[in-house]
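Here is how the chains run, residue by residue.
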Amino acid sequence: MLAFFRECLHTMIVGRTGSGKTTLLLQIERAFLNADKRLKVIHRDDGKCEFLYQLPVVGRIKVFIPYGCRFVYEDIEGEVAVQHYDPDNPLGIIDNIARSRGFRYFVVMFDNFCINPDLSAEFWAKWWTALIYHAMSTPLARKKPILLSFEEINDILRPRGWGITKVHDEVEGLLSYNFNKLRGHGIRLLCSTHRPQQLSRDIRSQIDWIFIKRSSGDDIYDWLNRILIRLSNPVFYYLIGFINEMPQEQFVAIDPYRKLDICVNEDIERWPVQYEIGGCIKRPERTKRFDEIDMFIAVARAKPNPMPFKEIAKHVKLNIRTVYKRWEKLRQEEFLAPLLYGED
């Protein structure tokens, strides 16, 4: 396991909900912090705020939340510094982390204040781009090792219950493209997921260490069948049965060479934390209901001498179908409908 801390390898924790993925993720964060005193952890919270269990261990945590939102924490032990950021400028978060002194544990909160999966995907796409840009523009002598800790990474790529959209496709493409770049800049990825098959093959193929908590269903069967193709059938089916009924404190470790081992991780101490969050991030509403083309169509179709749709289309350089749809939208307005001429 020494290579796990020495080399810049990516790790994925797999398991069903409630199997202890977050507990193992937090324990691995602590192990990395103890193994390398220069290392900084950037933790993406998925909304449960379980990072607060790290506070008595790490001592100080800096939490980034969007402008207009709030995060209030009742202190029991340690320091929580709250820093606001502009969601349209995630590079500001990366710069702040790079400049911070006295902090080694950082938390980025966004999904806690957002109910729109598309908006979340857009933010994390910008965030990944900013991270890679900052890493490439930082001189080698100033680079510090970083552990990116992402809870439920599949929620960013393909949220449960939502069909994949163009935005999520872009995030998945960015992750696939940047995995190898992360290694070159001393950045490790530690992530958890309950649906490994939901991730693209490009992403799964670049994961080095795999830690499996209790899992069940066709998803884990199909995935293990692909990565453990060298196992004999009796061993494979024994492993599937063991993973289905594995005790809470155990997990199966699969190294980069696809060798297996059964490991034990104890539960972390659950400190009595109290916090409040508030605010909701929404997509900015359009201030302009109609543009200049709509105004031209309204004037051209006004009574008593309306311009034909074909002629309007030539003026605004749009096809007739688009002009007609815009006109229909204008006629839905109560104050415009009486002024606009009907069909040609």
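The following paragraphs examine the structure supplied in this document. (Residues numbered from 1 in each chain as written. Predicted model: local features only at pLDDT ≥ 70, side-chain atom pairs only at ≥ 80, totals over all residues. Heavy atoms only, no water.)

### Remarks on the environment of D45
And then number 1: In this fold, D45 is placed in the loop between β2 (40-44) and α3 (55-58).
And then number 2: Judged by relative accessible area, which is 0%, D45 ranks as buried.
And then number 3: Ignoring any residue separated from it by four or fewer positions in sequence, one finds D45 in contact with E50, F51, V107, V108, M109, D111, N112 and E151.
And then number 4: There is a polar contact of 3.0 Å between the side chain of D45 and the backbone nitrogen of G47.
And then number 5: Of note is the side chain of D45, whose polar atom sits 2.7 Å from the side chain of N112. (Helix = DSSP H or I, 4+ residues; strand = E, 2+ residues; numbered from the N terminus. Buried < 20%, exposed > 50% of the residue type's maximum accessible area, 1.4 Å probe, protein only. Contact = heavy atoms within 4.5 Å. Polar contact = N/O pair within 3.5 Å; in protein donor to acceptor, adjacent residues only side chain to side chain.)

### So, the pattern of salt bridges
And then number 1: Tallied over the entire structure, the rule returns 12 salt bridges.
And then number 2: The closest approach of N and O atoms between E50 and K48, which form a salt bridge, is 3.8 Å.
And then number 3: A relative accessible area of 15% means that E50 is categorised as buried.
And then number 4: By relative accessible area, which is 39% here, K48 ends up partly exposed.
And then number 5: The network of salt bridges with shared partners includes D46, K48, E50, E151, D267 and R270. (Salt bridge = Lys/Arg side-chain N within 4 Å of Asp/Glu carboxyl O.)

### Let's talk about the pairing of strand β6 (residues 105-108)
And then number 1: Side chains of β6 alternate between two faces, with Y105 and V107 and F106 and V108 buried alike.
And then number 2: Summarising the sheet, β2 and β6 pair through four bridges and their orientation is parallel. When the sheet's bridge partners are listed, V41 is paired in β6 with Y105.
And then number 3: Across three bridges, strand β3 (residues 60-66) lies against β6 in parallel orientation. Looking at the pairing, V63 lines up with V107 of β6. (Pairing = 2+ DSSP bridges.)

### Structural notes on the sheet that holds strand β7 (residues 146-150)
And then number 1: With mixed pairing, the 10 strands of this open sheet are ordered in space as β5-β3-β6-β2-β7-β8-β1-β9-β10-β11. In this open sheet, the two strands that pair with only one neighbour each are β5 (79-85) and β11 (260-264). Strand after strand, the sheet turns through a mean of 20° between neighbouring axes, direction not considered.
And then number 2: Relative to β7, β2 is paired through five bridges, and the arrangement is parallel. Paired with K40 across the bridge in β7 is I146. (Axes fitted to C-alpha atoms, helices over the stretch in contact; angles between N-to-C directions.)

### Some points on helix α13 (residues 320-331)
And then number 1: Helix length check: α13 (12 residues) gives 16 Å between terminal C-alpha atoms against 16 Å at 1.5 Å per residue, within 8%.
And then number 2: Looking at α13, one finds that the buried residues are V323, W327 and L330. The buried residues of α13 occupy an angular sector of 55° when projected down its axis, which confines them to one face.
And then number 3: Those residues of α13 that are buried are in contact with α11 (292-300) and α12 (309-316). (Expected span 1.5 Å × (residues − 1). Arc of directions from axis to C-beta.)

### Concerning the packing of aromatic side chains
Two aromatic rings, taken as a pair, are described by how far apart their centres are and by the angle between their planes.
And then number 1: This model, assessed by the stated rule, comprises 17 aromatic pairs.
And then number 2: A centroid spacing of 4.9 Å and a plane angle of 75° characterise the contact between F123 and W124, whose relative ring orientation is edge-to-face.
And then number 3: Here a set of aromatic residues connected by ring pairs shows up, and it is made of Y85, F110, F123, W124, W127, W128 and F150.
And then number 4: Between the NZ or CZ atom of R60 and the centre of the ring of F103, over which it lies, the distance is 4.0 Å. (Phe/Tyr/Trp six-rings, centres within 6.5 Å; stacked < 30°, edge-to-face > 60°. Lys NZ or Arg CZ within 6 Å of the ring centre and 35° of its normal.)

### Topic: the state of the cysteines
And then number 1: Throughout the structure, instances matching the rule amount to zero disulfides.
And then number 2: Of all cysteine sulfurs in the structure, the one in C280 sits closest to C114, which takes part in no disulfide; the separation is 7.1 Å. (Disulfide = S-S within 2.5 Å.)

### Observations regarding the packing of helix α9 (residues 218-227) against helix α10 (residues 233-244)
And then number 1: Taken N-terminus to C-terminus, the directions of α9 and α10 make an angle of 140°; their axes are 11 Å apart at the nearest point. Compared by their axis directions, α9 and α10 come out oblique. Here the hand of the crossing between α9 and α10 comes out right-handed. Here α9 contributes Y221, L224 and N225 to the contact with α10, which in turn contributes F236, Y237, I240 and I243.
And then number 2: When its residues are assigned to classes, the contact of α9 with α10 shows six nonpolar, one polar and no charged. (Parallel < 35°, antiparallel > 145°, perpendicular 65-115°, else oblique. Left-handed = near helix turned anticlockwise from the far one by under 90°. Nonpolar A, V, L, I, M, F, W, Y, C, P; charged D, E, K, R; others polar.)

Limitation: the analysis is restricted to geometry and does not speak to function.
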